[in-house]
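Coordinate inspection notes
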Amino acid sequence: MNAVERLIKAIDRLSDTMRQSMREYRQNPEYDALFHLTITQLHYLHCIKEHPAITATELANLFHVQKPTVTNILNRLVRQDYLRRTQSDHDRRVFYLSLSPLGQQLLQLESQGYASFAQKAVHCLSTDEQEQFARLLAKIH
């Protein structure tokens, strides 16, 4: 088995571990909301977190989609209380997007899930190996 085949097999096993971790979280009522969002909705929430006070037009440009597509998703996220819209003081046609406290909490829960998975994934590695693994992942990214 060559290096690429070993890497593919390792990534597959790691993905299995991630799926198992996600199944455990799915059983916890505290994390239920995470499993009622689409991947696109989560991407939008993350983008809004990274770009405070972004507008729907700017979001559409970042994702290379039409503004009505973005607006539909944003409307759902506002109705679910994950997002807030704030009208511009300078141009009443412009609304800035930000995470609501519930949206911030949701992304924090997601981060906790990833942290838990990472701890499970590296428990068999020494400290030096964990550092090397983190450097390699950063290099791949």
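Residues numbered from 1 in each chain as written. Predicted model: local features only at pLDDT ≥ 70, side-chain atom pairs only at ≥ 80, totals over all residues. Heavy atoms only, no water.

Focus on the packing of helix H2 (residues 39-50) against helix H4 (residues 67-79)
Direction vectors running N to C along H2 and H4 enclose 85°, while the axes themselves pass 11 Å from each other. Judged by the inter-axis angle, H2 sits roughly perpendicular to H4. Contacts between H2 and H4 involve Thr40, Gln41, Tyr44, Leu45 and Ile48 from the former and Val70, Ile73, Leu74, Arg76 and Leu77 from the latter. (Axes fitted to C-alpha atoms, helices over the stretch in contact; angles between N-to-C directions. Helix = DSSP H or I, 4+ residues; strand = E, 2+ residues; numbered from the N terminus. Parallel < 35°, antiparallel > 145°, perpendicular 65-115°, else oblique. Contact = heavy atoms within 4.5 Å.)

A few points about the packing of aromatic side chains
Throughout the structure, instances matching the rule amount to 1 aromatic pair. Relative to Phe63, the ring of Tyr44 lies with its centre 4.6 Å away and its plane at 35°, an arrangement referred to as tilted. Of this pair, Tyr44 sits in helix H2 while Phe63 sits in helix H3 (residues 56-63); the two residues are 19 residues apart in sequence, bridging distant segments of the chain. The buried category is assigned to Tyr44, whose relative accessible area is 2%. (Phe/Tyr/Trp six-rings, centres within 6.5 Å; stacked < 30°, edge-to-face > 60°. Buried < 20%, exposed > 50% of the residue type's maximum accessible area, 1.4 Å probe, protein only.)

Structural notes on a nonpolar patch on the surface
On the surface, Leu14, Phe133, Leu137 and Ile140 cluster together into a nonpolar patch covering about 360 Å² of accessible area. Broken down by element, the residue count for the nonpolar patch peaks at 3 residues, all from helix H6 (residues 127-140). Here Phe133 is to be found in helix H6. With a relative accessible area of 30%, Phe133 lands in the partly exposed category. (Patch = residues over 30% accessible without salt bridge, like charges linked within 9 Å, V, L, I, M, F, W, Y side chains within 5 Å. Areas by Shrake-Rupley, 256 points an atom, 1.4 Å probe, with all protein chains shown as cover. Salt bridge = Lys/Arg side-chain N within 4 Å of Asp/Glu carboxyl O.)

Describing the sheet that holds strand S3 (residues 95-99)
Read from one edge of the open sheet, 3 strands run S1-S3-S2, paired in antiparallel fashion. Because the sheet does not close on itself, it has two edges, and the strands there are strand S1 (54-55) and strand S2 (83-87). As paired strands, S1 and S3 are joined by 2 bridges and run antiparallel to one another. Bridging from a neighbouring strand, Ile54 pairs with Leu97 of S3. Seen against the sheet, H2 touches S1, S2 and S3 and runs at an angle of roughly 105° to S3. (Pairing = 2+ DSSP bridges.)

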